[in-house]
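Close look at the chain arrangement
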Amino acid sequence: MVDYSTKNAVITGGASGMGFSLAKLLVDGGARVAITGRSQASLDAARNGSAATR
């Protein structure tokens, strides 16, 4: 696992799909991550650990 503990990231479209996967990878590596998405419901689902479905 790569150590991202000194990194910060902003990911657009991070509530689902590839953006969600990237955000999860970075968080698992220790990075501080902020995500944006189309709806509050999808962002809440991503924060709880499951990508929102369309």
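In this report, the structure presented in the accompanying data block is examined. Since we're looking at a predicted model, the values are computed, not measured.

**A few points about the overall build of the chain**
- For the chain, the helix and strand inventory stands at two helices and two strands.
- Here the chain has a C-alpha radius of gyration of 11 Å; the compact-globule value for 54 residues is 10 Å, and the two agree.
- The long-range fraction of contacts in the chain, counting pairs at least 24 apart against all pairs at least 6 apart in sequence, stands at 52%.
- A total accessible area of about 3900 Å² is found for the chain, and carbon and sulfur atoms account for 55% of it.

**Points about the pairing of strand β1 (residues 8-12)**
- By the alternation rule, side chains of β1 split into Ala-9 and Ile-11, which are all buried, and Asn-8, Val-10 and Thr-12, of which none is buried.
- Where β1 lies against strand β2 (residues 32-36), five bridges are found, and the strand directions are parallel. Directly across from Ile-11, in β2, lies its bridge partner Ile-35.
- Where the polypeptide runs from β1 across helix α1 (residues 17-28) and back to β2, its parallel neighbour, the crossover connection is right-handed.

Calculation notes
Residues numbered from 1 in each chain as written. Predicted model: local features only at pLDDT ≥ 70, side-chain atom pairs only at ≥ 80, totals over all residues. Heavy atoms only, no water. Helix = DSSP H or I, 4+ residues; strand = E, 2+ residues; numbered from the N terminus. Rg over C-alpha atoms; globule rule 2.2 N^0.38 Å. Contact = heavy atoms within 4.5 Å. Areas by Shrake-Rupley, 256 points an atom, 1.4 Å probe, with all protein chains shown as cover. Buried < 20%, exposed > 50% of the residue type's maximum accessible area, 1.4 Å probe, protein only. Pairing = 2+ DSSP bridges. Right-handed = clockwise from strand over helix to strand, strands pointing away.

Purely geometric numbers; function is a separate question.
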